[in-house]
Structures are given as C-alpha cells and as structure tokens.
Protein chains: 2
Amino acid sequence: MNNGEDECRKVGGRIRAMREGQDLSQEKLAKMIGMDPTYLSRVEQGKRNPTVKLLAKIAHGLGVELKELFDFSL
Amino acid sequence: MNNGEDECRKVGGRIRAMREGQDLSQEKLAKMIGMDPTYLSRVEQGKRNPTVKLLAKIAHGLGVELKELFDFSL
DNA sequence: ATGTGACTGTGAGTCCGTC
DNA sequence: TGACGGACTCACAGTCACA
C-alpha cells in the first residue's frame, strides 16, 4: 500500500493548478507568503510532506480555503 | 495574524468529532493505523502541527476522504 | 521561471511513564 | 479512557549555489 505519498503528490498538483490558474509564478506566490520558491517547487512536485501550518500559508496566499487543496475530485 | 494554529485546532476538532461519531477510542484508532495514541491526543487538541502523510493515515483509519478533515463548515 | 543537491536547526512523531 | 511530561530519533522547515 501507500503511505500518503500519493496524497502529497495530489496536494502538490492542486496547489500548482490553482497557482497557474491565477497566472502566478512560484516566485511571486512564495514572496507573497514569505516562503522560499525552491521549497514551494518541491511541495508542488509532491517531493515533500508539508504540515498543516505550511499548507494554511499557501492556501492563504492563493486566497482559497484550505479544504480546496484537498479537493481531488476535479 | 495567525500562523496556522487555528487550522491545527480546527483539523483536530474535526478528527475528534469524526472519531467519536464512530464510537472509537483514541487508543483503538491509533492502533488501527499504527500511530502513537499520545500523539493523536495532542493532534486532536490542536497542540501539534501534523503532516499530510499522518492526516492521510488518520483519514484512512476513519474511513473518510482526506478533504473531510478540512471541512470546517459544519 | 523552475528544479536539484546538500546542508543545518528545529519540530514531527514515538515511547516511557504518571495522573 | 484521555491529558500531560521528559527524552529520544528522524524527518520536515528553511536556505544557498547552481543548473
């Protein structure tokens, strides 16, 4: 089975999709919320296992609800 | 402003509500998914900042979708 | 503009108790 | 049964140089 790496990838994909949907670069979004662009890059690729606090920051930067980052049914 | 501690509390509350709704003890749920009961206790209280992988495990143990843990509009 | 390797410090997560 | 403490390990947060 799977440990949650799938979910990490899915969340990352959601973040990327919503960011690109707003024509925002990783750099700009990262700067808005005071985080490192290289770290954001890895989260979007599902190569990291982010915490609730970090995802809350990202959701805030995107101007969306936290639960939208977990809405994989699109 | 807030760092995401609010979200931690809300997620913890959701977990607790869904667990109690299934008449499950912290110990049993923790054992089901191979996690520490003391950590589950603290997560439910919003005193810890859990990762996606851990939340995926908890959601799986509760038999619900990950996004349901972030559905605060109830 | 995005991705990767390597790195350090701190906190996520586990295990032992006690109340 | 659940809350809390201490001590511990390893992974995550966060940064930099470079591609």
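Residues numbered from 1 in each chain as written. Chains lettered and ligands numbered in written order. Predicted model: local features only at pLDDT ≥ 70, side-chain atom pairs only at ≥ 80, totals over all residues. Heavy atoms only, no water.

### Let's talk about the protein's contact with DNA strand D
Neighbouring DNA strand D are 19 residues, the closest being A:Tyr39, B:Arg16, B:Gln26, B:Ser41 and B:Gln45. Taking A:Thr38, its side chain carries an N or O atom lying 3.3 Å from a base nitrogen of DNA strand D. For DNA strand D, a phosphate oxygen lies 2.7 Å from a polar atom in the side chain of B:Arg16. Those elements that provide at least two residues to the surface near DNA strand D are helix H3 (37–44) of chain A together with helix H1 (5–20), helix H2 (26–33) and helix H3 (37–44) of chain B. Residues that form the surface near DNA strand D fall into these classes: 3 nonpolar, 8 polar and 8 charged. (Near = heavy atom within 4 Å. Polar contact = N/O pair within 3.5 Å; in protein donor to acceptor, adjacent residues only side chain to side chain. Helix = DSSP H or I, 4+ residues; strand = E, 2+ residues; numbered from the N terminus. Nonpolar A, V, L, I, M, F, W, Y, C, P; charged D, E, K, R; others polar.)

### Comments concerning the packing of aromatic side chains
Residue and element names in this part refer to chain A. Counting across every chain of the model gives 3 aromatic pairs over all chains. Between the aromatic rings of Phe70 and Phe72, the centroid separation amounts to 6.4 Å while the plane-to-plane angle is 55 degrees, which identifies the pairing as tilted. What makes Phe70 buried here is its relative accessible area of 1%. (Phe/Tyr/Trp six-rings, centres within 6.5 Å; stacked < 30°, edge-to-face > 60°. Buried < 20%, exposed > 50% of the residue type's maximum accessible area, 1.4 Å probe, protein only.)

### Comments concerning the protein's contact with DNA strand C
As a matter of local geometry, DNA strand C sits amid 20 residues, with A:Gln26, A:Ser41, A:Arg42, B:Asp36 and B:Thr51 nearest to it. Among all atoms of DNA strand C positioned within 4 Å of the protein, those belonging to sugar or phosphate total 62%. In this structure, A:Lys47 approaches DNA strand C through a side-chain N or O atom, which is 2.9 Å from a phosphate oxygen. Within the side chain of B:Thr51, a nitrogen or oxygen atom sits 2.4 Å from a phosphate oxygen of DNA strand C. Every element with two or more residues in the surface near DNA strand C is listed here: helix H1 (5–21), helix H2 (26–32) and H3 of chain A together with H3 of chain B. For the surface near DNA strand C, the class distribution of residues is 4 nonpolar, 9 polar and 7 charged.

### Considering the layout of surface pockets
Each pocket or cavity is described by its volume, and for the largest pocket that value is around 500 Å³. Surrounding the largest pocket, 23 residues form its lining, A:Ala56, A:Ala59, A:His60, B:Asn2 and B:Glu7 being those nearest its centre. At the level of elements, helix H4 (52–62) of chain A together with H1 of chain B are the ones that each hand at least two residues to the lining of the largest pocket. Among the residues forming the lining of the largest pocket, the class breakdown is 9 nonpolar, 6 polar and 8 charged. Reported here for the second largest pocket is a volume of approximately 410 Å³. Lining the second largest pocket are 18 residues, and of these A:Asn2, A:Glu7, B:Ala56, B:Lys57 and B:His60 sit closest to its centre. When residues of the lining of the second largest pocket are traced back to their parent elements, those giving at least two are H1 of chain A together with helix H4 (52–62) of chain B. (1 Å grid on protein atoms, 1.4 Å probe; cavity = no way out; pocket = protein on both sides within 12 Å on 5 of 7 lines; lining within 4 Å. Points joined across faces, edges and corners; volume = space filled by probe spheres on them.)

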